[in-house]
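In case you want the letters, here they are:
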Amino acid sequence: MKTTLHFTDADRFYEQLLDAHLGLSPQQSELLNARLILLLANQIGDAKVLRECIEAARVE
């Protein structure tokens, strides 16, 4: 699992993510996030990496 910045333009991605949520209800926003997570997980495709990402995201 990569833990260092791997974006070519992280700020642009963040802007795109925020823009995608504009005008959506809270429920629509949650659905967008769920769909995006599944699409990105499919791009990764490696169960071990996905498990590590889930564990890393849960750290408080």
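An account of the accompanying structure is given in this report. Only a predicted model underlies this, so the values are computations on that prediction, with no experimental measurement involved.

Right, let's talk about the pattern of salt bridges for a bit. Close approach of charged atoms lets side chains of opposite charge pair. Under the defined criterion, the tally for this structure stands at 2 salt bridges. Of the charged contacts in the structure, one is a salt bridge between Arg12 and Glu15, with a shortest N-O distance of 3.4 Å. Here Arg12 and its partner Glu15 are both found in helix H1 (residues 10-21), 3 residues apart, which amounts to about one turn of the helix. Between Lys48 and Glu52 there is a salt bridge, with the nearest N and O atoms lying 2.8 Å from each other. Here Glu52 and Lys48 lie together in helix H3 (residues 47-58), a separation of 4 residues that amounts to about one turn. Look at Lys48 and you get partly exposed, because its relative accessible area is 48%.

Definitions and cut-offs
- Residues numbered from 1 in each chain as written.
- Predicted model: local features only at pLDDT ≥ 70, side-chain atom pairs only at ≥ 80, totals over all residues.
- Heavy atoms only, no water.
- Salt bridge = Lys/Arg side-chain N within 4 Å of Asp/Glu carboxyl O.
- Helix = DSSP H or I, 4+ residues; strand = E, 2+ residues; numbered from the N terminus.
- Buried < 20%, exposed > 50% of the residue type's maximum accessible area, 1.4 Å probe, protein only.

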